[in-house]
Structures are given as structure tokens and as C-alpha cells.
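The chain contents come next:
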Amino acid sequence: MLANVSVPASHRQVRTAIPGPISSALQQRRSRAVSAAVTSTLPVYITSADGGLLHDVDGNTYIDFGSGIAVTNVGHAAPAVVDRVKDQVERFTHTCFMIAPYEGYVEVCEALADLTPGDQEKRSALFNSGAEAVENAVKVARAATGRQAVVVFDHAYHGRTNLTMALTSKSVPYKHGFGPFAPEIYRVSGSYPFRDGLTGPESAAQALDRIDKQIGADQVAAVVIEPVQGEGGFIEPAPGFLPALSQWCTRNGVVFIADEVQTGFGRTGDWFACEYEGVVPDVIVTAKGIAAGLPLAAVTGRADLLDAVPPGGLGGTYGGNPVACAAALGSIETIRDQKLVVAARRIGTIALPRLRALPTDTIGHVRGRGAMLAVEFVKPGTREPDAELVRRIAKTCHDAGVVVLTCGTYGNVIRLLPPLSLPAELLDEGLTVLADAIRTAV
Ligand code: PLZ
């Protein structure tokens, strides 16, 4: 089936009902071939994307405030990524790093050692997805400490594989019916300032007391935490929470694993969100923004930890595939050359005041850092989550040609994750559409 446009528009443009007729026909076809368990936020079929815009088969053009869930930080077709990928794909697509290595893998690991927080000696291993990398970070921590327990938090999201389902907090749709889950995972409360009203040190004390009493510090291999929680609701912990946890880990020989799959690569206005409070994780997990959409993920951490795993203990057929490594090098080059970490901060500086100025008592909390922003909706005058309202606001935005995503344990959060390279006028226009959608929906 061919798209009915050859030259995509250079601005937001809605020419049909959403989804349009060609997308609707593709939806029908999809329902006969693709598992109903795999869903799409917006059932429109994309033909091309760049410059912060997505173009669909019906000639509609959307402003992208989702970046494919925080992946296309450098845009959807950044020249440095495209050129390096093309060059690599023409030379060879795969050898398997465990069989015959290539330089790109080493170069990505060097870049990770350089970019991630802390100047300790570091090593990395590369994988295909965020979940796979989180699993491997846990393997590293267990092998290095000889301990088994893993501590995770309320509202955490770490993936959909068996071990990471156990680490993830929310049942439906991630875990429900998929047990049994991996043992030796312990969940404690985190820091959710809007809902718990506690300071960072208070939240940390509460979590650490539970760990001490219910597990025992000397049994804990790792604490796994998103420095800003993603799927759980874009929850920024209160100041002091992360440093207190990290210090406790250091004192007790526990591996502090920062899951920066969603927050990494400039997203929050720092290369990595941990930097905001000067926290240096023992191990950091990255994916998504690392390679602008090609499947790549990494576990980076203290050399003594990563090297504690016996030879052959980490790996996989595709981990650190040469084409994905080429994309990562192009993505990192683009973030550096175009100063996209600063651009992320600028997005936050522009967007936050506009979101905070929205005149409605259904907005419980506006929060975020850099280009990782959220609005949490509640029933007027309460803290009761309003997921239904959020669904309507998101749908109104989609129909008007702006891709916004939702998140949150209660499904009541609109999140904004634009490409860091999003042109200022598209940011402005998208925010206007969102503001109008909120005003009409309440
Ligand atoms: N850790 C912090 O955000 C992926 C999941 C979307 P994968 N988040 C998007 C969905 O519904 O599946 C994520 C994350 C954090 C780990 C992961 C997992 O990364 O690359 O999706 O496996």
C-alpha cells in the first residue's frame, strides 16, 4: 500500500480524521497479522520522520513530543547517525563481537567511560534492549558481591523480561498473569514529593530502615533505581534522596545501579540524570537515546565490578551489533556537536513556565527537568488521580497533530519527551495545542 503523498509537509498538518483511511486499512491488516497484545498509542502509520515531525501514510504531519519513548534525542534521521549507519551496513552487518570483534564496540565503551558520571576506572558491556541491560547489571552485582537480594522501589519500571518484570512495580499491563516472578526482589517506598510530602532524607530513611529490618544490608547485592522515574510517572525524587541511598550503598558494599535507560543521553539537561545531585553510580544502565533508535543498550560501571564476572559470563549474539554501535557513535557526536544537553535545558526553561501557567484546578503537579516534563492530573481539589481526563487530553492532542504520551502508576500523567533537537517554533506550537486541549477537556 502506498502513501498518498510524496513530499512530506514541513509543518504540522492534519488532512484527515485520525487515523486516516490508509492508516485505518493498515490497522485492519495489522489486526489479522500482529498480536493484539502489542498496542500503539496512535494508530497512524509513519512513512518518514525528521526535524521533530512524523509524517503518516494519509499525508498528516505530527509534532513529536514522544521521541519514540525518549529514543530519538538527536532526531529521527540525524545526518551523523544516517551516514555512519550507511557506511557500516555497506561494510558488514554482523560478525558477533564474541566471535570476531570490531572497533566500533570498543569506541562506544570508551565513550561511555568518558561520558558517564565519575572518573573511576570503568568497563562496559553492550546489549540490545534496556531490559536486557538491567538484567545484566543485576548479574554483575550478584557475581561481584556474592549476594542475592535486589532492592527496587514503588513506581519503578525496568522492563518486561522475567527478571525485569519482577523489578517493575505496576501489575497491569506489565506483570498481570505472567508470573511466577524471579525471587529475591524486595520493593520499598521511594520518593514521590507530590504524594508523600516527605523530604529526600526522610524518604531515604524510611526506605533504608525497611531494607535493614526486612532484608539485612549484608544480604543486598544491588539497589536498582531510576534517578527520575519514567513509566511510573516522571517522578523526580526530593533533593537528598538519591545521595542518601548512594552513600548507604557505599557504606554497606551494595552496588548502586542507576537505570538511566529513559533519563540518559541529555534528556534531563545533564548527560545523565544522576549528575544533577552529583551522584556517582557504581553501575549505570543506558539504552534508548544511546543509538537514536537502533537497538543498543549498555551496562557501564566500576572496572572491579564488571571484571568480577568470569570470562564468557556476559554476552549475546547481537549485543553491540556493529550497525547499532555506528548509530551510537553518530548519536553521541550529534549530542556533542549540536550541544543538545544545553538544548534540553532550554526546552525545560521554555516549557515549564507555560505548563505551570495553565489555569486549572485539575492539575495536581507540573514537574520535570530539561526535556523530560510531566503534568499530573487529579480530580478538582483533591489528589485523586484522573486517568480518564488524561486519556481525553491525549486524544485531543493526537487529533490535532501533536504526539503526547501518558504514563504513571495511575495513568494520570501527560509526559513530554520531545527530541532535544526540536525546533523552538514546533515546541511553542505543540505546547499551545496541549494547552488548548487541556482547557477544552476540563
Ligand atoms: N528501564 C527506566 O524506561 C523502557 C517501555 C515501554 P527496553 N521504557 C519504555 C513499554 O511499555 O514497554 C525502560 C525504561 C527504564 C528499562 C526500560 C526497558 O527498556 O529497551 O524497552 O527493554
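Residues numbered from 1 in each chain as written. Predicted model: local features only at pLDDT ≥ 70, side-chain atom pairs only at ≥ 80, totals over all residues. Heavy atoms only, no water.

As assigned here, the protein chain comprises domain 1 (21-77 + 339-441) and domain 2 (79-337). Of note, the centres of domain 1 and domain 2, computed from C-alpha atoms alone, are 25 Å apart. Taking both partners together, domain 1 and domain 2 bury about 3,300 Å²; carbon and sulfur atoms supply 55% of that area. Linking domain 1 to domain 2 there are four salt bridges. (Domains from an automatic or database assignment. Buried area = accessible area lost by both parts, 1.4 Å probe. Salt bridge = Lys/Arg side-chain N within 4 Å of Asp/Glu carboxyl O.)

Mapped onto the elements, arginine 415 comes out in strand β15 (residues 413-416). Judged by relative accessible area, which is 4%, arginine 415 ranks as buried. A polar atom in the side chain of arginine 415 sits 3.0 Å from the backbone oxygen of threonine 406. Once residues within four sequence positions are removed from consideration, arginine 415 is found in contact with Phe65, Ile69, Glu231, Phe234, Gln262, Leu373, Ala374, Leu405, Thr406 and Cys407. (Helix = DSSP H or I, 4+ residues; strand = E, 2+ residues; numbered from the N terminus. Buried < 20%, exposed > 50% of the residue type's maximum accessible area, 1.4 Å probe, protein only. Polar contact = N/O pair within 3.5 Å; in protein donor to acceptor, adjacent residues only side chain to side chain. Contact = heavy atoms within 4.5 Å.)

Turning our attention to the environment of alanine 144. With respect to the element layout, alanine 144 can be found in helix α5 (residues 130-145). Residue alanine 144 is classed as partly exposed on the basis of its relative accessible area of 30%. Through-space distance from the C-alpha of alanine 144 to that of threonine 93 is 33 Å; in sequence the pair is 51 residues apart.

One pass over the structure, following the stated rule, counts 19 salt bridges. Its salt-bridge partner being arginine 336, residue aspartate 114 comes within 3.0 Å of it at the nearest N-O pair. With aspartate 114 in helix α4 (residues 103-115) and arginine 336 in helix α11 (residues 322-337), the pair connects residues that are 222 residues apart, well separated along the chain. With relative accessibility at 54%, the residue aspartate 114 sits in the exposed group. The class of arginine 336 is partly exposed, set by a relative accessible area of 40%. Arginine 302 is paired through a salt bridge with aspartate 282; the nearest N and O atoms lie 3.1 Å apart.

In a regular helix each residue adds 1.5 Å, so 16 residues correspond to 22 Å; α11 covers 22 Å between its end C-alpha atoms and thus fits that length. For α11, the buried fraction is high: 13 of the 16 residues fall into the buried class. Where α11 begins, the side chain of asparagine 321 points an oxygen toward the backbone nitrogen of valine 323, at a separation of 2.8 Å. Backbone geometry just after α11 places lysine 339 at a positive phi near 50°. (Expected span 1.5 Å × (residues − 1).)

This brings us to the site of the ligand. Around the ligand, a shell composed of 14 residues is seen, among which Gly130, Ala131, Arg160, Asp259 and Gln262 lie nearest. In this structure, an oxygen atom belonging to the ligand sits 2.8 Å away from a main-chain N or O atom of alanine 131. Interatomic distance of 2.7 Å between a side-chain N/O atom of arginine 160 and an oxygen atom of the ligand. Relative to its unbound accessible area of 510 Å², the ligand is 82% covered by the protein chains. (Near = heavy atom within 4 Å. Areas by Shrake-Rupley, 256 points an atom, 1.4 Å probe, with all protein chains shown as cover.)

In terms of burial, strand β5 (residues 149-153) is largely enclosed, as five of its five residues are buried. Burial along β5 is two-sided: the face carrying Ala149, Val151 and Phe153 and the face carrying Val150 and Val152 are both buried. In terms of strand pairing, β5 meets strand β7 (residues 220-225) through three bridges, oriented parallel. Along β7, the bridge assignment pairs alanine 149 with valine 220. Where β5 meets strand β6 (residues 185-188), four bridges bridge the pair, whose relative direction is parallel. Bridge assignment links valine 152 to a residue of β6, and that residue is arginine 187. Between the parallel elements β5 and β6, the chain passes through helix α6 (residues 162-167) in a crossover that is right-handed. (Pairing = 2+ DSSP bridges. Right-handed = clockwise from strand over helix to strand, strands pointing away.)

One pass over the full model with this rule turns up seven aromatic pairs. Measuring from centroid to centroid gives 3.6 Å for phenylalanine 97 and tyrosine 105, while their planes differ by 10°, and the two rings are stacked. What makes phenylalanine 97 partly exposed here is its relative accessible area of 24%. Here phenylalanine 265 and phenylalanine 272 contribute two aromatic rings whose centre-to-centre distance is 5.2 Å and whose plane-to-plane angle is 75°, an arrangement assigned as edge-to-face. The two residues phenylalanine 265 and phenylalanine 272 agree in class, both being buried. What links up through ring pairs into an aromatic cluster is the set Phe92, Phe97, Tyr102 and Tyr105. (Phe/Tyr/Trp six-rings, centres within 6.5 Å; stacked < 30°, edge-to-face > 60°.)

Attention now moves to the packing of helix α8 (residues 200-214) against helix α9 (residues 241-252). One can describe the packing of α8 onto α9 by two numbers: an axis separation of 8 Å at closest approach and a directional angle of 35°. Crossing of α8 against α9: the hand is right-handed. Here Gly200, Ser203, Ala204, Leu208, Ile211 and Asp212 of α8 lie close against α9, whose contacting residues are Phe241, Ala244, Leu245 and Trp248. Of the residues in the contact of α8 with α9, the class split is seven nonpolar, two polar and one charged. (Axes fitted to C-alpha atoms, helices over the stretch in contact; angles between N-to-C directions. Left-handed = near helix turned anticlockwise from the far one by under 90°. Nonpolar A, V, L, I, M, F, W, Y, C, P; charged D, E, K, R; others polar.)

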